[in-house]
Amino acid sequence: MAKAYSFCLVGHSGSGKTALAEALLRAAKAPEALFDRSPEEKNRRISIDLAVASCTWRERKVTVLVTPGLLEFVEEIYKGLDAADLAVLVVNAEKPVEVVTEQAWEVVRRVYRRPALVFANMMDKPLADPEKVLQELRNALPGRFVPLVFPLREGAALKGLVDLLADGGPLPAAAQGWRSALLEEVATYNDALLEKVLAEEPVSKGEVVEALRIGITSGEIVPVLFGSATAGVGLAELLDWTGLLAPALPEPPGTRLRCFALSLDPYLGRLTFVRVLSGEIKEGDTLFDLSTKNKVQLRDVYGFLGTKMEKVGRAEAGEIVALGKLEGIELGATLSASPEAEPVPPIPFPKPVFIRAVAPKSQADEEKMSTVLREYVSTKATLTYARDPVTKEGLVSGMGDIHLDVLAERLRNRYGVEVTYRVPKVPYRETIRKTAIASYRHKKQTGGRGQFGEVHLRIEPLPRGAGFEFADETKGGVIPQEFIPGVEKGVRDAMEEGILAGFPMVDIKAVVFYGMYHEVDSSELSFRIAARQAFKLAAEKAEPALLEPIMLLTVTTPEAFTGDIISDLNGRRGRILGMESEGGRTRIRAEVPLAELLSYALDLKSMTQGRATFQMEFLRYDFVPGPLQERVLAQLRAAADAG
């Protein structure tokens, strides 16, 4: 049994995860137990970041990871589960299965396949009903949910718990039925235990625990505990059972660490949170970042006393610590004593889906905003910041409007930068539909040397995604070879400026096939200007068209909302590619224009009460339909005139 282990609390907002974590630390006599300390968390009264704390229980070091209960901060759930030995799904005993209950369970079971327990919190509330908790869990979530304790209640009061596996002593009548059901479920994982149960022979708690460990590790059995964080009931039982059921750490040779989180501390700077997978570390050790093969020297090693960090200098397998003054370490990196060690697979974070253009309220903060945004998002997987090369807008992407609102608060509180958001422009492209020919003569006479260049161009449409091709078909030196690069540059200049609405042109082949030059007045610049104008003239005759980005959209939803979502996607010019059903949920794949998805995160949340999620990725550019193109161009011109 490892000296240290960890578990991660996940569940819907309001289920009491933070209160439970603080109560667990107090029960273990940790010196400090205070979470949600950032200004944004205090202001909103919610958890925003993954929180880490440690205590000692039964002579073992226990790390508790606490995740937010809003789906927009789902990144923190991935981080916490990545670092934990097992998951604890915390549910409100009055309403056990809520939106994030389902989503968090999906990450626990499908993404990480972590061993898991359920803690039914708030059993001292008037409407809490243990039978209802079990029934709703079994109806809504995959898994075989079996209680390990029986709550003793008088009215709404929670008087205590009965251990269903305790040796000796009679059980209440209702608890006897629970115990029999528990033994029947668990005995299927151990033949000797099954024989005893069938023969109604006495069984020890140790025998049941060993079978439970097999069932929970397989992901089939899910033990359920009951209690109340505020009443202090069920805390010792939760700490005991997590210790009993935490899987044993594999022991590969050498030292390996997993970087599961990054943060920017106002006093300690950039911190890298790691779990020691094997071996041990101490300050001064040199390790290798397996993704870059770069050497990394460990300097400051911080451990946790409750929620307080302090320098500990070393850590061993199973422990979670923070490393200070490490530069260049990416989220999800594996550090090892050997550069040839096997890295841990990347953390499968979802991609950000909600995009907004961002600008500072004060123009003087433009450079500062870009700097602090890049610094902050470097610690996050579901927040990005980039400047769109087409629209020239700064774009931030996150998981929803609340996610970006919190980002704006942090920029103001931590860096003194205030920002505003707006719906971003669509990065359209332009192209042509047919072949066209045009020529242009550039002639300019000044007091000294003049300018002269004549270019005859043919432009042809290329398949989508082909980009740009340039060819020289001139013969007989009508344009000297030293001026041909100028022709290509002129074509590229014109394509960058566009012909319809100022968007770059793509998927075009340009061929220079004839021209004229002057022995004295011709230059590369002259041919560049001539080619630019010749291209514009040809493009106007080649049926210029607008292209829009098409996204591959994947929506995962409870089956009840499938029809509404498909109908909505059809209204967004979507094309349904396929559907798959599994475990009461439907996965819908569709092609949808980006212009129709700029607020889809908000619309889908409203349509499904927040129970559906989606991911999208760029697929290709395609023509904007003719009638719609005219409306889009009119809107773009009106916006340009107004701006």
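In short, a report on the structure. All of these numbers come straight from a predicted model, not from anything done at the bench. (Residues numbered from 1 in each chain as written. Predicted model: local features only at pLDDT ≥ 70, side-chain atom pairs only at ≥ 80, totals over all residues. Heavy atoms only, no water.)

When you go through the protein residue by residue, the secondary structure sums to 16 helices and 32 strands. In terms of its C-alpha atoms, the protein occupies a principal-axis envelope of roughly 110 × 60 × 50 Å. In the protein, which comprises 643 residues, the share counted as buried stands at 53%. Considering only intrachain contacts with a sequence separation of at least 6, the fraction spanning at least 24 residues in the protein is 74%. Distance between charge centroids for the protein: 4 Å, based on 80 positive and 88 negative side chains. (Helix = DSSP H or I, 4+ residues; strand = E, 2+ residues; numbered from the N terminus. Buried < 20%, exposed > 50% of the residue type's maximum accessible area, 1.4 Å probe, protein only. Contact = heavy atoms within 4.5 Å. Lys, Arg positive; Asp, Glu negative; His and termini not counted. Charge placed at Lys NZ, Arg CZ, Asp CG, Glu CD.)

Attention now goes to the sheet that holds strand S25 (residues 436-444). What the four strands build is an open sheet, ordered S25-S26-S28-S27; its pairing is mixed. Of all the strands in the sheet, just S25 and strand S27 (468-472) have a single pairing partner and so form its edges. On average, each strand axis in the sheet is inclined to that of its neighbour by 25°, with strand direction left out of account. The pairing of S27 with strand S28 (residues 508-516) spans five bridges and is classified as parallel. Directly across from Phe 468, in S28, lies its bridge partner Ile 508. Of the strands in this sheet, strand S26 (451-461), S27 and S28 touch helix H12 (residues 484-497), which is tilted by about 150° from S27. (Pairing = 2+ DSSP bridges. Axes fitted to C-alpha atoms, helices over the stretch in contact; angles between N-to-C directions.)

What follows concerns the packing of helix H8 (residues 205-217) against helix H9 (residues 235-245). Any two packed helices are characterised by the angle at which their axes cross and by the distance between the axes. Direction vectors running N to C along H8 and H9 enclose 70°, while the axes themselves pass 9 Å from each other. Comparing their axes, H9 and H8 come out roughly perpendicular. Touching Lys 205, Val 209, Leu 212, Arg 213 and Ile 216 of H8 are Trp 241, Leu 244 and Leu 245, all from H9. Among the residues forming the contact of H8 with H9, the class breakdown is six nonpolar, no polar and two charged. (Parallel < 35°, antiparallel > 145°, perpendicular 65-115°, else oblique. Nonpolar A, V, L, I, M, F, W, Y, C, P; charged D, E, K, R; others polar.)

What follows deals with the environment of Leu 141. Positionally, Leu 141 belongs in the loop between helix H5 (130-140) and strand S6 (144-147). According to the relative accessible area criterion, Leu 141 is buried, its value standing at 5%. Separated by 65 residues in sequence, Leu 141 and Glu 76 have C-alpha atoms that sit 21 Å apart. Every residue in contact with Leu 141, bar those within four places of it in the chain, is listed here: Leu 89, Val 97, Thr 101, Glu 102, Trp 105 and Glu 136.

Once that is clear, we can look at the pairing of strand S8 (residues 157-163). Regular strands place their side chains on alternate faces of the sheet. With six bridges joining them, strand S7 (residues 149-154) and S8 adopt antiparallel strand pairing. Its bridge partner lying in S8, Glu 154 is registered against Ala 157. Count of turn residues in the S7/S8 antiparallel hairpin: two residues, of which Gly 155 carries a positive phi of about 65°.

It is worth spelling out the sheet that holds strand S19 (residues 334-336) at this point. Read across the sheet, eight strands follow the order S14-S13-S19-S10-S11-S18-S15-S16 without closing on themselves; strand pairing throughout is antiparallel. What marks the edges here is a single partner per strand, and that holds for strand S14 (294-297) and strand S16 (308-311). The mean inter-strand angle of the sheet, taken between neighbouring strand axes irrespective of direction, is 40°. Two elements, strand S15 (residues 300-305) and S16, share four bridges in a ladder whose sense is antiparallel. Residue pairing across strands places Gly 303 opposite Glu 310, the latter belonging to S16. Where helix H3 (residues 74-83) meets the sheet, its contacts fall on strand S10 (256-265), strand S11 (269-278) and strand S18 (320-324), and the angle it forms with S10 comes to roughly 145°.

Here the focus is H3. A large share of H3 lies buried, amounting to ten of its ten residues. Listed in full, the buried residues belonging to H3 are Val 74, Glu 75, Glu 76, Ile 77, Tyr 78, Lys 79, Gly 80, Leu 81, Asp 82 and Ala 83.

It is worth spelling out the pattern of salt bridges at this point. In total, this model carries 45 salt bridges according to the counting rule given. A salt bridge links Glu 524 to Lys 489; the shortest N-O distance between them is 2.8 Å. Of this pair, Glu 524 sits in helix H13 (residues 524-541) while Lys 489 sits in helix H12; the two residues are 35 residues apart in sequence, bridging distant segments of the chain. For Glu 524, a relative accessible area of 29% corresponds to the partly exposed category. Residue classification places Lys 489 among the partly exposed residues on the basis of a relative accessible area of 36%. Among the salt bridges present, the one from Glu 596 reaches Arg 573, with a minimum N-O distance of 3.1 Å. Here Arg 573 lies in the loop between helix H14 (562-571) and strand S30 (575-582) and Glu 596 lies in the loop between strand S31 (585-593) and helix H15 (600-608), a separation of 23 residues in the sequence. Given a relative accessible area of 29%, Arg 573 falls into the partly exposed group. Overlapping salt bridges bring together Glu 40, Asp 49, Glu 75, Glu 76, Lys 79, Lys 380 and Arg 410 as one network. (Salt bridge = Lys/Arg side-chain N within 4 Å of Asp/Glu carboxyl O.)

Before going further, it helps to examine the side chain of Ser 526. Turning to its location among the elements, Ser 526 is positioned in helix H13. Taking relative accessible area as the criterion, Ser 526 reaches 0% and is therefore assigned buried. Each residue touching Ser 526, except ones within four places of it in the same chain, is listed here: His 442, Gln 451, Phe 452, Gly 453 and Asp 521.

By secondary structure assignment, the location of Leu 636 is in helix H16 (residues 626-642). Measuring from C-alpha to C-alpha, the distance between Leu 636 and Phe 618 comes to 22 Å, with 18 residues separating the pair along the chain. In this structure, Leu 636 is in contact with Tyr 428, Ala 501 and Phe 503, ignoring residues within four places of it in sequence.

Now for unusual backbone geometry. Here Lys 29, not a glycine, exhibits a phi torsion of approximately 60°, which is positive. Structurally, Lys 29 is set in the loop between helix H1 (17-27) and helix H2 (39-44). A positive phi is found at Lys 392, a non-glycine position, where the angle reads about 65°. With respect to the helices and strands, the residue Lys 392 is situated in the loop between strand S21 (384-387) and strand S22 (394-398).

Secondary-structure assignment places Asn 121 in strand S5 (residues 116-121). Residues within four places of Asn 121 in sequence aside, it is in contact with Ser 15, Gly 16, Val 90, Val 91, Asn 92, Ala 93, Gly 227, Ser 228 and Ala 229.

Core analysis: the largest hydrophobic core is formed by 172 residues, its most contacted members being Phe 7, Phe 226 and Ile 565. Those residues within four positions of Ile 565 in sequence are excluded, and the remaining contacts are Val 555, Thr 557, Ile 588, Tyr 600, Leu 604, Met 607, Thr 608 and Ala 612. Counting residues in hydrophobic clusters, the runner-up holds 27 residues, among them Ile 479, Val 491, Val 512 and Ala 542. (Core = buried A, V, L, I, M, F, W, Y, C linked by side-chain atoms within 4.5 Å.)

The next subject is the packing of aromatic side chains. Tallied over the full model, the rule gives twelve aromatic pairs. Measuring from centroid to centroid gives 6.1 Å for Tyr 78 and Phe 349, while their planes differ by 45°, and the two rings are tilted. Placement of the pair is Tyr 78 in helix H3 and Phe 349 in the loop between S19 and strand S20 (354-360), with a sequence separation of 271 residues. The buried category is assigned to Phe 349, whose relative accessible area is 17%. Ring geometry for Trp 105 and Phe 145: centres 5.8 Å apart, planes at 35°, overall tilted. Placement of the pair is Trp 105 in helix H4 (residues 99-112) and Phe 145 in strand S6, with a sequence separation of 40 residues. Each member of the pair, Trp 105 together with Phe 145, is buried. Taken together, Tyr 78, Tyr 112 and Phe 349 form an aromatic cluster joined through their ring pairs. (Phe/Tyr/Trp six-rings, centres within 6.5 Å; stacked < 30°, edge-to-face > 60°.)

None of this, on its own, says anything about what the molecule does.
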